[in-house]
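A structural walkthrough
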Amino acid sequence: MSTLKRLISRMTLEEKAGLCSGDQFWRTKAVERLGIPAINLSDGPHGLRAQGEEQDHLGVNDSRPATCFPTAAGLASSWSVELLEQLGAALGDEAQAEGLHVVLGPGANIKRSPLCGRNFEYFSEDPLLSSHLAAAHIRGTQSRGVGSSLKHFAANNQEHRRMSVDARIDERTLREIYLASFEHAVKEAQPWTVMCAYNRLNGEYCSEHARLLTTILRDEWGFEGFVVSDWGAVNERVPGLEAGMELEMPASGGERDAQIVAAVREGRLEEAVLDRAVERLLRITFRAVDARQESAEFDADAHHQLARRIACESMVLLQNDGILPLSNERRVAIIGEFAERPRYQGGGSSHVNATRVEPLLEALETRGALFDYLKGFEIDRDTPDPRLEQAAAEGARTAEVAVLCLGLPDRHESEGYDRTHLNLPANQLALIAAVTRVQPNTVVVLANGAPIAMPWAGQVSAILEGYLGGQAVGAALADLLYGEVSPSGKLAETFPHRLEDTPAHLNFPGDSDVVRYGEGIFVGYRHYDTLGTDPLFPFGHGLSYSRFDYANLTLSASDFDGQGSLTVSCDITNSGEREASEIVQLYLSDRTQSVPMAAQALRGFDRVTLAPGETARIEMGLSRRDFCWYDAERADWRLPTGIFEVRIGASSRDIRLNQCIEVRGDAVALPVIDRNILMGDLQRHEGATRVLRQHLADIADELPMLNGLMSRDGGDDLMDAMGHYLPLRALVSFSGFTEARLEDLLKDLKALA
Ligand code: BGC
């Protein structure tokens, strides 16, 4: 018997049930008589929210000072696994210093609609990018002996009715998009805990979804930690425990522990299920306690500098007619209250009490920049103020360049509710109009956690997307505006022209408590690229102060059968004048059209920093799964046969190199045989075609619609289509084929299985 099992055998039923819920907001229960310790959990993904006495899960009460790094929307634009790992490690170090054992994050939910109020906390609309960045975040934190809690599992893609809404998603979409965004992170980084989502998924609450929490998470992906409920996500405790949700947080005043005890006593719950949960909880608890570094401290200044570097690499230069970088000699009008009161993080449970905040004005003063500041608008109201606008326009007119610091005020996006539109507040729109009327050299700097519409983009010279840049936001902006660092971030999400262009527009946020993911796999760029809709700024887009040339694409083989891996290589040259980083993207375009496919899908990426004139050879690997689609009928990934195009791009809409490859896929599986199966579906299978030919040879002459089956060219499209879409049962209606012969045919077809 293992040590843990021996320990569990000494626990009372009440003690075991008690371990399955929290003691208070941020702590599990201890069992002192047996030496079982409690562990401390705390938000969140981009900075700690370790609270003292006043505790809450919505960021209302203060927490102890911690470094506030850029939020996930910005982090993802760095496309840098190294940076995410460093951030994770810094969080781990701060957690050790605060006596925390588990950090609640990262969030790997897909950005289904730009309206989701919590998009600032999520990485991407693409599952590959999201899951690789989440894995790096987890690796970093756990390397410091602190656990991560990958959240919110799964399909928590909106805030509207988040604790009750039922996300209805077809299986292929679920696997290829929403679960894939977690899958790699679980398999590769093995988070100590996974947090289940509030919502329901296809009818069942995620907190009691056995297929999600056990069949997929544990049996298929090999998850070894414990599942914790989102705060207050428990519906029925006993089914939740059975489904694989071990820890309820925060607590239920002992009520639900008592339900577990009663269920065991009354024989409704096997005690072995409870024991299994307790074992999973204890394994992580002891691991966390063993890894504690009692006298750990962190270097707040070093972390502030890390936050600055991360912010620099996360911001995205969306547009630039050459006005950026600014030279030190130019007199600049800095306009907009965000320059003095930056919005650098989001609202809700991830809200950090920053160790310090460096606004743009302070950073500009530090570097001795030549500037005047004008407020332009008030963050706390949306209505235009002609007096402030006029003063700003006057300041802009007499300067050489105007830098407008704009964005979404806190109340426009937050955990807890979704946005209803993509616009900037009216006062900021009026300010843009007033300033661009008098100053042609206008730069817009944005602070927002999710895409906004920019009908004004054509009127300004440059747009720098700062996202929610963390506590060093001002220093990072100054570094980029003045060219200390070349911008290198690229969008991890599409910026649409209009809300009406977005993939989920007709299905978001759903009807009452049901939201149907009617757009299926066509999420983000998969939607825009397949429809040919032009976005405002495409997925993967971001400009630099340098230039990069792409050349010499080679594939390690000219065909692929799913065995081993295929290496894609190319040369990237910095052909500009300054050191800069480039994010190289690999997309696959499936031309086999075995099933409806997106025009292309991201299957690899790399980030490289190059001196002027320097060339690097990039290598990215592709494996079987990258070419597969999910076959829900067979509950498995299928490799199709045919041509794929390998594309290397500087963005999803700036493909620089491409090459085709032939894929020899899985043998076509026999469809489920019954009397309603179509002839055309059977003919994709070699064996089934043979059987059909044998059984139908004698009636084929009288039925021209069987010409296709018999490989005869009747030259008649109508007849070919009729044959293709003919259910077997209809043979009896159109020929002398009898029901008895149909039975024989079905028997022989089934025998092929
Ligand atoms: C959020 C989680 C968070 C938890 C604890 C919930 O409201 O959805 O992301 O970790 O609160 O603060």
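Below: a short report on this structure.

Right, let's talk about the nonpolar core for a bit. Judged by nonpolar contacts, the single largest core of 141 residues is most densely connected at Phe153, Ile334, Ile335, Val403, Met454, Trp456 and Leu481. Sort the elements by how many residues they give to this core and helix H6 (residues 171-189) lands first, with eight residues. Shared between two domains, this core takes at least three residues from each, and those domains are domain 1 (3-290) and domain 2 (548-663). Setting aside residues up to four positions removed in sequence, Phe153 forms contacts with Leu179, Phe182, Val194, Met195, Cys196, Ala197, Cys206, Leu212, Leu213, Leu217 and Trp221. Met11, Leu13, Leu269 and Ala288 belong to the second-largest nonpolar core, a separate cluster that totals 40 residues.

Take Glu645: it is sitting in strand S26 (residues 642-651). Relative accessible area serves as the criterion here: at 7%, Glu645 is assigned to the buried category. Looking at Glu645, its side chain comes within polar contact range of the side chain of Arg591, at 2.5 Å. If we ignore the near neighbours within four places in the chain, the residues touching Glu645 are Tyr587, Leu588, Ser589, Arg591, Asn658, Gln659 and Cys660.

If you trace the four strands from one edge of the open sheet to the other, you get S9-S8-S6-S17, paired in mixed fashion. The open sheet terminates on both sides in strands that have one partner only, identified here as strand S9 (204-205) and strand S17 (514-516).

Moving on to unusual backbone geometry. That bond from Asp43 to Gly44 is cis: its omega, -5°, falls within 30 degrees of zero. Examined against the element boundaries, Gly44 turns out to sit in the loop between strand S3 (41-43) and helix H3 (72-77). Looking along the chain, the bond that leaves Leu324 and enters Pro325 is cis, with omega of 0°. As for its position among the elements, Pro325 is in the loop between strand S11 (316-320) and strand S12 (332-335). With a phi close to 45°, Trp79 is a non-glycine residue in the positive phi region.

Let us now look at the site of the ligand. Taken together, 15 residues surround the ligand, and among them Asp43, Arg118, Lys151, His152 and Asp230 come closest. Side-chain polar atom of Arg162 to an oxygen atom of the ligand: 3.3 Å apart, as the coordinates give it. When the ligand is considered free in solution it has 310 Å² of accessible area, and contact with the protein chains removes 100% of it. When its residues are assigned to classes, the shell around the ligand shows five nonpolar, three polar and seven charged.

Another aspect to go through is helix H13 (residues 386-398). Along an α-helix, residues three or four apart share an orientation, since each turn contains 3.6 residues. End to end, H13 covers 18 Å across 13 residues, agreeing with the expected 18 Å (1.5 Å per residue, within 8%). Along H13, the positions that sit buried rather than exposed are Leu388, Glu389, Ala392, Ala393, Gly395 and Ala396. Take H13 and look down its axis: the buried residues cluster within an arc of 165°, on one side only. Within H13, the exposed residues directed more than 90 degrees away from the buried face are Pro386, Arg387, Gln390 and Thr398. Buried residues along H13 sit against S12, strand S13 (371-374), strand S14 (401-407) and helix H14 (426-438).

Reading the values: rules and limits
Residue numbers run consecutively from 1 along every chain, following the written order of its sequence. The predicted nature of this model means local features are confined to residues of pLDDT at least 70 and side-chain atom pairs, given and counted, to a pLDDT of 80 or more, with totals for whole chains, interfaces and linings taken over all residues. Hydrogens and water are ignored here; the side-chain numbers use all heavy atoms of the structure. What we call a nonpolar core is a set of buried Ala, Val, Leu, Ile, Met, Phe, Trp, Tyr and Cys residues that are connected through their side-chain atoms within 4.5 Å. Accessibility here uses a 1.4 Å probe with only protein chains present; expressed as a share of the type maximum, an area under 20% marks a residue as buried, one over 50% as exposed, and anything in between as partly exposed. Only DSSP runs of H or I with at least four residues qualify as helices, and only runs of E with at least two residues qualify as strands; both kinds are numbered from the N terminus onward. Residue ranges for the domains originate in an automatic or database domain assignment. Between two residues, a contact is recorded if the distance between any of their heavy atoms is within 4.5 Å. As used in this structure description, the phrase polar contact means that two N or O atoms lie within 3.5 Å; if the pair is within protein, one of them must be able to donate a hydrogen and the other to accept it, and residues adjacent in sequence are counted only when both atoms belong to side chains. Here, any two strands with at least 2 DSSP bridges between them count as paired. For this description, a residue counts as near a given molecule or strand if any of its non-hydrogen atoms is within 4 Å of it. Here the open area of atoms and residues is found with the Shrake-Rupley method and a 1.4 Å probe, where only the protein chains shown may cover a residue. Any residue that is not Ala, Val, Leu, Ile, Met, Phe, Trp, Tyr, Cys, Pro, Asp, Glu, Lys or Arg is counted as polar, Gly included; the first ten are nonpolar and the last four charged. A helix is expected to span 1.5 Å multiplied by its residue count minus one. Directions are taken from the helix axis to each C-beta atom, and the arc is the one they span.

Keep in mind these numbers describe shape, not what the thing actually does.
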